[in-house]
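Observations on chain architecture
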Amino acid sequence: MTAGHQPARRTAAEAGAPSGVASPSPAAASHLSPAFPARAPWGTAHKLRAWQAAALEAYEQRQPRDFLAVATPGAGKTTFALRVATDLIARGVVRRVTVVAPTEHLKRQWADAAARVGVHLDPAFRNSQGRHGSHFDGVALTYAQVASKPALHAARTAAAPTLVILDEIHHGGDALSWGDAVREAFEGATRRLALTGTPFRSDTAPIPFVSYAPGPDGIRRSAADYTYGYGDALRDGVVRPVLFHSYSGQMRWRTRAGDEVSARLGEDLTKDMTAQAWRTALDPNGEWVPSVLAAADKRLSEVRRAVPDAGGLVIATDQADARAYAAHLRAVTGEPATVVLSDDDGASERIEQFSAGTSRWMVAVRMVSEGVDVPRLAVGVYATSTATPLFFAQAVGRFVRVRRRGETASVFLPSVPQLLALAATLELERDHALDRPTTDDDDATTPEDLLLAAANREEKASDSLSDGAQGTFEALDAQASFDRVLFDGGEFGTGGEVGSEEELDFLGLPGLLDADQVSHLLRQRQADHVRRGKARERAPEPAVDHRRLAELRKELNALVGAWARRSGQPHGSVHTELRRRCGGPEVALATAEQLEARTALVRDWFVGRR
């Protein structure tokens, strides 16, 4: 955010603790983390973290009509907003509260949180009602709901002094229908409080009720009234450190022209080939997906040693993939995964049941990527071809919410340059910039309001990198191999096969570590891998007949394809079972002996021997 529009960073002691929060003594204040005091439960406002106290102090000093608070996902924006609401109601500044959120599920989440502090919101309000019941203090709406009847909500807002809380305000761009409607509906509000964890959009449309200030380069950028970034929250212990486990592998597909193409995921490829290799990796019938899901489940098992209720989330591109991934997870874990296909009837209940339970995995498309609060999520698999910075940041935000000191998060993703770059710059704060020139890389044809509108109907991969290639190829084979771990701007690991000692070293990191301990262990294991690699280089390599290996791979893949058709098992699942029984790495890197053993096993299946 622009520095001129943000108060200097202050501890709770410097800012002055709000009423109901005891201020520390001056002597003790210098030793307090900005996370002081202890974290309040989600959506309650009886205790405030120091950043929330400082933001509230800034708000109380200025008493602004418009206030933009930018805080990293998981930091507690809702608690801050509800404290503002209860204070304004108590002082008689407002009589009503309207919350606008991106999805139906978030409306309910806001209403539940508000009820815990005595503010009663109606999340079931429909435009056809015209007004809410007298027993409610206000309503919770979606942006789509406002866009369909802005005049109705303008009249409701003008009928009584109203605080409007605009959650994830970046979804209201002025040049878009949602932005126009938001401005029309809430222009007459007494107070407006805008919240976001990712204050940037892929287009240059201004966001309603957000101030912009020109920078030295003449470009206008969004100016927050208070900012609390991921780097700050990580240092304060307010969010978890995130390890990104990236996986590469050999991909093979057939183009529409009938040409067979092979490439390694993560290599320096053209944009189209990267998209096709990426989509091939995510094909549920290949070996990449079940291999990475099995690795993620191993990581989850390690985390659950210290955090018994830790859960995992797979974010899929579409509904068909989500169902297929859930089937793979059931084969890996022996238990069903919770599947959330869209923001429809029953979806919120499934999310809430998963959040309150102890089951291992949930699979969803877009709707769980933004704002949805499942604090026990600790392991994620980014199995979608969506590549926008906003979506990536919101998806990662599902895993950073901390409950106890030392919790870490792990996110598994394909070794795709766009994703690796986003993972490496997670701690950077970005502003929403106007006036900048658009480029071919800008996602101008897929604004985020359409993304969230799709989340309220049926999820589609409309902004996926692979859309340009959709229908132009057939995924044939996708092998997985461990690539590296990214953390705190650094890269660790020298690669390795799935199931190798190199991979298991990183999957087996303890589940409770603070950021410094994570860095120390990663550096230590990196050094061990380098030493082992040098020792292997000194050992003589056995002679390899590449023609014989190619013949064995071709024969094995043909047999696996035939068995997959006969048994109805996915192609990748057959490969996974062969590797489980016979051992060894993916097909592309297996030895002749390993390939021969797998081929013999498949033949035995055909004749019914085992």
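Helix and strand counts for the protein chain come out as 21 helices and 20 strands. Buried residues in the protein chain amount to 58% of all 610 residues. Partitioning the intrachain contacts of the protein chain with sequence separation of at least 6 by distance along the chain shows that 75% fall at a separation of at least 24.

An order of β3-β4-β2-β5-β6-β1-β9 is seen for the seven strands of this open sheet, with the pairing classed as parallel. Since the sheet does not close on itself, it has two edges, and those belong to β3 (121–122) and β9 (226–228), each with one partner. Where strand β2 (residues 96–101) meets strand β4 (residues 138–142), five bridges bridge the pair, whose relative direction is parallel. Each bridged residue has a counterpart across the sheet, and for A101 the counterpart in β4 is T142.

A complete count under the given rule lists 12 aromatic pairs for this structure. Ring geometry for W563 versus W605: centroids 5.6 Å apart, planes at 40°, classification tilted. Here W563, found in helix α19 (residues 546–567), pairs with W605, found in helix α21 (residues 592–607); they are 42 residues apart in sequence, far enough to count as distant. Under the relative-accessibility criterion, W563 is labelled buried at 14%. Take W605: its relative accessible area is 10%, and that puts it in the buried class. Its guanidinium or amino end placed over the ring of F125, R156 lies 5.2 Å from that ring's centre, counting from NZ or CZ.

For the rest of this paragraph, the subject is unusual backbone geometry. Glycine aside, negative phi is the norm for most residues, and most peptide bonds take the trans geometry. Positioned with a positive phi, Q63 is a non-glycine residue whose angle comes to about 50°. You can see Q63 is positioned in the loop between α3 (50–62) and β1 (66–71). With a phi angle near 65°, F209 is a residue other than glycine that sits in the positive phi range. Looking at the element boundaries, F209 is found in the loop between β6 (191–196) and β7 (212–214).

Right, let's talk about helix α20 (residues 571–582) for a bit. Across its 12 residues, α20 extends 17 Å between first and last C-alpha, which sits within 8% of the 16 Å expected from 1.5 Å per residue. Every buried residue of α20 is accounted for by H571, G572, S573, V574, H575, E577, L578 and R579.

Counting 120 residues, the largest nonpolar core has F80 and W288 as its most contacted members. It is helix α11 (residues 288–306) that contributes the most residues to this core, eight residues altogether. Excluding residues that lie within four positions of it along the chain, W288 makes contacts with Y247, S248, M251, L265, A281, L282, L413, P414, A478, Q479 and A480.

The next subject is the side chain of D483. Following the sequence through the fold, D483 ends up in strand β18 (residues 481–487). At a separation of 2.7 Å, a polar atom in the side chain of D483 contacts the side chain of S415. Not counting residues within four places of it along the chain, the set of residues in contact with D483 comprises S246, Y247, S248, S415, G493, T494 and G495.

We now examine α19. If you check α19, its first and last C-alpha atoms are 31 Å apart, about what 22 residues at 1.5 Å a residue would give, namely 32 Å. Inspection of α19 places L549, L552, L556, N557, L559, V560, G561, W563 and A564 among the buried residues, and these make up the whole buried set. Looking at the residues trailing α19, positive phi occurs at G568, about 80°.

So, on to the packing of α20 against α21. Interhelical geometry of α20 versus α21 gives an angle of 115° and a closest axis separation of 10 Å. Judged on the interaxial angle alone, α21 and α20 are roughly perpendicular. Classified by chirality, the crossing of α21 by α20 is right-handed. Of the residues in α21, those touching α20 at V574, E577, L578, R579, R581 and C582 are A597, R598, L601, V602 and W605. Grouping the amino acids of the contact of α20 with α21 by side-chain chemistry returns seven nonpolar, no polar and four charged.

Moving on to the pairing of β4. In terms of burial, β4 is a largely internal element, five of the five residues being buried. Across the two faces of β4 the burial is the same, with G138, A140 and T142 and V139 and L141 all buried. Sheet topology places β3 next to β4; two bridges connect them, and they run parallel. Its bridge partner being in β4, D122 is matched across the sheet by V139.

Structurally, the position occupied by S246 is in strand β10 (residues 242–255). Judged by relative accessible area, S246 falls into the buried class, the value being 0%. At 3.4 Å, the side chain of S246 and the side chain of S415 are in polar contact. Excluding residues that lie within four positions of it along the chain, S246 makes contacts with L413, S415, L420, F482, D483, R484 and L486.

Another aspect to go through is the confidence of the model for the protein chain. Of all residues in the protein chain, 78% attain a pLDDT of 70 or more, and the chain-wide mean is 78. In this model residues 1–45 is a low-confidence stretch, pLDDT under 50, and it forms 102 contacts with partners more than four residues away in sequence or in other chains. The low-confidence segment residues 429–471 (pLDDT under 50) makes 116 contacts with residues lying over four places distant or belonging to another chain.

The subject of this paragraph is the pairing of β10. Within a regular strand, side chains alternate between the sheet's two faces. Counting buried residues in β10 gives 10 out of 14 residues, a clear majority hidden from the surface. Sheet analysis places β10 next to strand β16 (residues 409–414), joined by six bridges and oriented parallel. From the neighbouring strand, F244 faces β16, where its bridge partner is V411. Judged from the five bridges that link them, β10 and β18 form a sheet pairing that is antiparallel. Residue F244 lies in a different strand from β18, and its bridge partner there is L486. As paired strands, β10 and strand β11 (residues 260–265) are joined by six bridges and run antiparallel to one another. Considered in β11, the bridge of R252 is made with S262. Hairpin geometry of β10 and β11 is characterised by an intervening segment of four residues between the two adjacent antiparallel strands and by a positive phi of about 95° at G258.

What counts and what doesn't
Residues numbered from 1 in each chain as written. Predicted model: local features only at pLDDT ≥ 70, side-chain atom pairs only at ≥ 80, totals over all residues. Heavy atoms only, no water. Helix = DSSP H or I, 4+ residues; strand = E, 2+ residues; numbered from the N terminus. Buried < 20%, exposed > 50% of the residue type's maximum accessible area, 1.4 Å probe, protein only. Contact = heavy atoms within 4.5 Å. Pairing = 2+ DSSP bridges. Phe/Tyr/Trp six-rings, centres within 6.5 Å; stacked < 30°, edge-to-face > 60°. Lys NZ or Arg CZ within 6 Å of the ring centre and 35° of its normal. Expected span 1.5 Å × (residues − 1). Core = buried A, V, L, I, M, F, W, Y, C linked by side-chain atoms within 4.5 Å. Polar contact = N/O pair within 3.5 Å; in protein donor to acceptor, adjacent residues only side chain to side chain. Axes fitted to C-alpha atoms, helices over the stretch in contact; angles between N-to-C directions. Parallel < 35°, antiparallel > 145°, perpendicular 65-115°, else oblique. Left-handed = near helix turned anticlockwise from the far one by under 90°. Nonpolar A, V, L, I, M, F, W, Y, C, P; charged D, E, K, R; others polar. pLDDT = per-residue confidence, 0-100.

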